[in-house]
Amino acid sequence: MTSERTEFDCPLPEALAPSPLPLSRGERGIPEGHPAVRSGRVGVLIVNLGTPEGTDYWSMRRYLKEFLSDPRVIETPPAIWRPTLQLILLRRPVVRGHAYASIWNVERDEGPLKTITRSQGEKLGEALRALGPQIEVDWAMRYGKPPIAERLEALKAKGCDRILVIPLYPQYCAASTATVCDKVFDTLKAMRWQPALRIAAPYYDDLVYVGALATSVRTALAGLDFEPEVVLASYHGIPQSYFDKGDPYFCHCAKTTRLLRETLGWSEDRLRMTFQSRFGRTEWLRPYTADTVAELAKSGVKRLAVVTPGFAADCLETLEEIAVENAGYFRDAGGEHFAAIPCLNDSAEGIAVIEAVARKELKGWAG
C-alpha cells in the first residue's frame, strides 16, 4: 500500500492505514511514537486593557507598574522615566485603590472590566457557534490576569492552529492596540509550532459599531428624566506628541464622532468630541473632558450627558472618572443634570459589534 503524507509530512506506515473513524486532522495518520498533537480548530481571543486583582496597595502597585512600564504607554526613555515611576508607585496605588474600591464587583471580588469582558467572551462564543464546532473563544487582559500568553497557550493546547485576536479598542492607538500585538508576537516567539495569526482591524468606522452606539445613546437618553442640551463623546486621551509622531488615534476618534453625529442627526454643537484621563504635565489631545464640562456649566448649560465610544466595556475611566469625577466638575461649576451613558458592554448591541468584527476577520477560516 502506498504511504500517505499527513499535514506533518510524516510517512504513514501500512500498519497505520487511515481509520474509518471520524478522527480530527491532527489525529489522522500520525505514526506510532509521534508526539501527541491537536489541530484543526480556530481560536478567537478578545483582549481588553486589564484591571488589578485587588484594591489593596500591593495589588494596585503590581498593576500600575506593569502598565506604566510599557514603553508603548510611556515613551519616555527608561533611564529618565524610572525615577519618576518609582515616585508614582509610592503614592498612586493608594489613590487608585480607593477609586477602584468605589466601583469594585464585591460579589466576584474583581474589577467590573473583568466581569464584563468575561461575559463578552462567553456570549461571543454562543454567537459564533453557528460557524461550526471548531470555533474556540477565549478572553484575556493586556495587563493583569488572565494574561495574553496564558490564553494563547490554552487555545493552542485545544488544537487551534489558526487564531484571531480582537483588541477591544475601536480606534487604533499604539498605546493600546499595538501593545496587544506586541504581547501576542512575544508569545509566538517562544512557540515551536506557531498558529496562523490574524489581528482584527480597528472598527472605528464600522457601521454595525456606529449603529450600536447610536442605539445605546437613544436608549439611554429616553430613560432620563431630562433632555441634555449637549452630549460629549469622551475618548481616552494620549499625549499630543504621540499624534505628532503619526499615531492615527485622533483621526479615528474624530471619524467615529462624525459618523455617530450623522447617524443621530445631530449638529456639531449637540455632540462634541473631548478627551479624558490626562496624566502628567505634558500636552495631551484637546479639548479636555474635565475642562469642557466645567466650561459648559459656566456658559449656562444645565443638562449634560457623556458617552464614551472608545471603551468597549465600563471600567474605572467611565464609572468613576466620568460618572463621578466629571459629574462633580459639572455641578460645581453650576450644572444641574448629568448622565454618564453606559458603554456597549455585553448588551445585545455590544455583542453584535464584536461578532461582526469576528465574522469579517474569520472569512476563509470559518463559515
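What counts and how
- Residues numbered from 1 in each chain as written.
- Predicted model: local features only at pLDDT ≥ 70, side-chain atom pairs only at ≥ 80, totals over all residues.
- Heavy atoms only, no water.
- Pairing = 2+ DSSP bridges.
- Helix = DSSP H or I, 4+ residues; strand = E, 2+ residues; numbered from the N terminus.
- Axes fitted to C-alpha atoms, helices over the stretch in contact; angles between N-to-C directions.
- Polar contact = N/O pair within 3.5 Å; in protein donor to acceptor, adjacent residues only side chain to side chain.
- Contact = heavy atoms within 4.5 Å.
- Buried < 20%, exposed > 50% of the residue type's maximum accessible area, 1.4 Å probe, protein only.
- Parallel < 35°, antiparallel > 145°, perpendicular 65-115°, else oblique.
- Left-handed = near helix turned anticlockwise from the far one by under 90°.
- Nonpolar A, V, L, I, M, F, W, Y, C, P; charged D, E, K, R; others polar.
- Expected span 1.5 Å × (residues − 1).
- Salt bridge = Lys/Arg side-chain N within 4 Å of Asp/Glu carboxyl O.
- Lys, Arg positive; Asp, Glu negative; His and termini not counted.

Undergrad: Would you explain the sheet that holds strand 8 (residues 337-340) in this entry?
TA: Whenever strands of a sheet pair, they do so through backbone hydrogen bonds, lying parallel or antiparallel. Across the sheet, which stays open at both edges, the 4 strands sit in the order 6-5-7-8 with parallel pairing between neighbours. Both edges of this open sheet fall to strand 6 (271-276) and strand 8, since each of them pairs with a single strand only. This sheet shows a mean twist of 25° between the axes of neighbouring strands, independent of strand direction. As paired elements, strand 5 (residues 230-236) and strand 6 share 6 bridges and run parallel to each other. Across the sheet, the residue bridging to Leu232 is Arg272, located in strand 6.

Undergrad: What should I look at first to understand the sheet that holds strand 3 (residues 160-167) in this one?
TA: Strand order across the open sheet formed by 4 strands is 2-1-3-4, with parallel pairing between neighbours. Because the sheet does not close on itself, it has two edges, and the strands there are strand 2 (135-144) and strand 4 (196-199). Each strand of the sheet is rotated relative to its neighbour by a mean of 25°, with strand direction disregarded. Looking at chain direction, strand 1 (residues 41-51) and strand 3 are connected through 7 bridges and run parallel. Across the sheet, Val42 pairs through a bridge with Arg162, a residue of strand 3.

Undergrad: Before we go on, may I ask you to explain the side chain of Glu136 in this structure?
TA: The topology assignment puts Glu136 in strand 2. Among the polar contacts listed, one links the side chain of Glu136 to the side chain of Arg41, at a separation of 3.1 Å. Not counting chain neighbours up to four residues away, the residues in contact with Glu136 comprise Arg41, Val42, Gly43, Val44, Leu155, Lys158 and Cys160.

Undergrad: Is there a simple way to think about the pairing of strand 1 in this case?
TA: A regular strand carries its side chains on alternate faces of the sheet. The buried count for strand 1 comes to 9 of 11 residues, which makes it a mostly enclosed element. Bridge analysis of strand 1 against strand 2 gives 9 bridges, and the strand direction is parallel. Across the sheet, the residue bridging to Gly43 is Glu136, located in strand 2.

Undergrad: I tried to follow the packing of helix 4 (residues 148-157) against helix 5 (residues 174-189) on my own but got confused; where do I start?
TA: Helix-helix packing: each pair is described by the crossing angle between the helix axes and the interaxial distance. Between helix 4 and helix 5, the least distance of the axes is 9 Å, while the angle of their chain directions is 50°. With respect to helix 5, the element helix 4 is oriented oblique. In the packing of helix 4 onto helix 5, the handedness of the crossing is right-handed. On the side of helix 4, the interface is formed by Ile148, Ala149 and Leu152, while helix 5 contributes Val180, Lys183, Val184, Thr187 and Leu188. Residues belonging to the contact of helix 4 with helix 5 are distributed by class as follows: 6 nonpolar, 1 polar and 1 charged.

Undergrad: Looking at this model, I keep getting lost on helix 1 (residues 57-68). Mind explaining?
TA: Since the α-helix turns once every 3.6 residues, residues separated by three or four places project in the same direction. In this model, helix 1 (12 residues) spans 16 Å end to end at C-alpha, consistent with the 16 Å of a helix rising 1.5 Å per residue. Within helix 1, burial applies to Ser59, Met60, Arg61, Tyr63, Leu64 and Leu68. Looking at the packing, one finds that the buried side of helix 1 touches strand 1, helix 2 (78-101) and strand 2.

Undergrad: Got a minute to help me understand the pattern of salt bridges in this structure?
TA: Oppositely charged side chains may form a pair once their charged atoms are brought near each other. Tallied over the full model, the rule gives 20 salt bridges. Measuring nitrogen to oxygen at the nearest pair gives 2.9 Å for the salt bridge that ties Lys245 to Glu75. Of the two residues, Lys245 sits in the loop between helix 7 (240-244) and helix 8 (249-264) while Glu75 sits in the loop between helix 1 and helix 2, which places them 170 residues apart along the sequence. Among the residues examined, Glu75 registers a relative accessible area of 33% and is labelled partly exposed. In this structure, the salt-bridge partner of Asp205 is Lys255, at a minimum N-O distance of 3.5 Å. Taken together, the residues Asp205 in the loop between strand 4 and helix 6 (207-222) and Lys255 in helix 8 connect sequence positions 50 residues apart. The exposure class of Asp205 is partly exposed, given its relative accessible area of 29%. By relative accessible area, which is 30% here, Lys255 ends up partly exposed.

Undergrad: Would you mind going over the side chain of Lys156 with me for this structure?
TA: Relative to the helices and strands, Lys156 is located in helix 4. The side chain of Lys156 is buried and forms no salt bridge, while Glu153, the nearest opposite charge, is found at 7.4 Å. Looking at Lys156, its side chain comes within polar contact range of the main-chain oxygen of Trp193, at 3.4 Å. Sequence-distant contacts of Lys156, that is, excluding residues within four places in its chain, are made with Met191, Trp193 and Pro195.

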